[in-house]
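# Architecture and fold: a report
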Amino acid sequence: MEKKTDIRVPGEDLLPWTVTERQLRMDGPSRLAKVSGFAISGTIERGGVTFNVEVSVGVIGVVGDLPPCWDSYRYVPIYLFQDRGFYMTQLYIDGNEYIIQVMYPESTTLSEEDAAYVEDALRTACHTVVDLYQ
């Protein structure tokens with residue numbers, strides 16, 4: 001059985017950010033290798049805080065413990081992990097795992113307004129990714 005590798009890459013307008021790096025991940029070292037994932041990195045500047053951001057996708061590996069579903073869009077559950085210094089969303093579509101991470105200095109305390117801004121940007125980005133498959 002052939003493994004499904006239909007990976008869809010969102011545009012750079014996915015987030016309000018400055019993109020600094022793009023990577024393609026291949027499924028092997030040969031010249032016949034197929035794309036098995038991608039990563040896009042960048043930064044968001046807000047209120048004097050620089051947020052480092054990475055969007056990545058790859059074929060699903062082992063799924064660990066997930067938090068309760070944070071959002072569900074078009075029947076796709078979206079999971080939010082949050083701790084001091086980072087936010088991360090995770091969603092699974094057609095055998096692909098999308099992860100969007102927003103990191104900031106742990107010594108920074110986000111205001112409620114900045115936290116709401118980050119969560120809204122993440123939710124919008126996740127909905128955009130889901131829409132790639134509709």
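Residues numbered from 1 in each chain as written. Predicted model: local features only at pLDDT ≥ 70, side-chain atom pairs only at ≥ 80, totals over all residues. Heavy atoms only, no water.

## Observations concerning the overall build of the protein chain
- Helix and strand content of the protein chain: one helix and seven strands.
- Reading the helices (α) and strands (β) of the protein chain from amino to carboxyl end gives β-β-β-β-β-β-β-α.
- Scaling as 2.2 N^0.38, a compact globule of 134 residues should have a C-alpha radius of gyration of about 14 Å, and the protein chain matches this with 15 Å.
- Dimensions along the principal axes, computed over C-alpha positions, put the protein chain at roughly 50 × 30 × 25 Å.
- Taking all 134 residues of the protein chain together, 42% fall into the buried category. (Helix = DSSP H or I, 4+ residues; strand = E, 2+ residues; numbered from the N terminus. Rg over C-alpha atoms; globule rule 2.2 N^0.38 Å. Buried < 20%, exposed > 50% of the residue type's maximum accessible area, 1.4 Å probe, protein only.)

## Focus: the sheet that holds strand S2 (residues 35-46)
- If you walk across this open sheet you meet the seven strands as S1-S2-S3-S7-S6-S5-S4, and the pairing is antiparallel. Edge positions in the sheet fall to strand S1 (18-26) and strand S4 (69-73), since each has one partner strand and no second. When strand polarity is set aside, the average angle formed by the axes of neighbouring strands in this sheet is 15 degrees.
- By the bridge criterion, ten bridges tie S2 to strand S3 (residues 49-59) in an arrangement that is antiparallel. Note on S3: the bridge partner recorded for Arg 46 is Val 49.
- Sheet strands touched by helix H1 (residues 112-131): S2, S3, S4, strand S5 (76-83), strand S6 (86-93) and strand S7 (96-103). Its angle to S6, the strand with the most contacts, is close to 15 degrees. (Pairing = 2+ DSSP bridges. Axes fitted to C-alpha atoms, helices over the stretch in contact; angles between N-to-C directions. Contact = heavy atoms within 4.5 Å.)

## Here's the deal with the confidence of the model for the protein chain
- Counting all residues, the mean pLDDT for the protein chain is 88, and 93% of those residues have values of 70 or more.
- Looking across the protein chain, the model is least confident in S1, with a mean pLDDT of 90, and most confident in H1, with 95. (pLDDT = per-residue confidence, 0-100.)

## Details of the side chain of Thr 89
- Tracing the backbone shows Thr 89 in strand S6.
- On the basis of relative accessible area, Thr 89 is assigned to the buried category, the value being 0%.
- Beyond its immediate chain neighbours, meaning those up to four positions away, Thr 89 contacts Trp 70, Ile 78, Tyr 79, Leu 80, Tyr 98, Ile 99, Ile 100, Leu 122 and Cys 126.

## Looking at the pairing of S2
- S2 sits mainly inside the fold: nine of its twelve residues count as buried.
- In terms of strand pairing, S1 meets S2 through eight bridges, oriented antiparallel. Its bridge partner lying in S2, Leu 24 is registered against Phe 38.
- Linking S2 back to S3 in an antiparallel pair, the connection comprises two residues, with Gly 47 at a positive phi of about 55 degrees.

## Structural notes on the state of the cysteines
- Counted by the stated rule, this structure contains zero disulfides.
- Cys 69 forms no disulfide, and the closest cysteine sulfur to it belongs to Cys 126, at a distance of 11 Å.
- In this structure Cys 69 comes out as partly exposed when scored by relative accessible area, which is 41%.
- In this structure Cys 126 comes out as buried when scored by relative accessible area, which is 0%. (Disulfide = S-S within 2.5 Å.)

## Some points on the nonpolar core
- Counting 34 residues, the largest nonpolar core has Leu 15, Trp 17, Phe 51, Tyr 87 and Leu 91 as its most contacted members.
- Only S2, S3, S5, S6, S7 and H1 provide two or more residues apiece to this core.
- Here this core gets eight residues from one element, more than from any other, and that element is H1.
- For Leu 91, the residues in contact, after removing those within four places along its chain, are Val 76, Pro 77, Ile 78, Asn 96, Glu 97, Tyr 98, Cys 126, Val 129 and Val 130. (Core = buried A, V, L, I, M, F, W, Y, C linked by side-chain atoms within 4.5 Å.)

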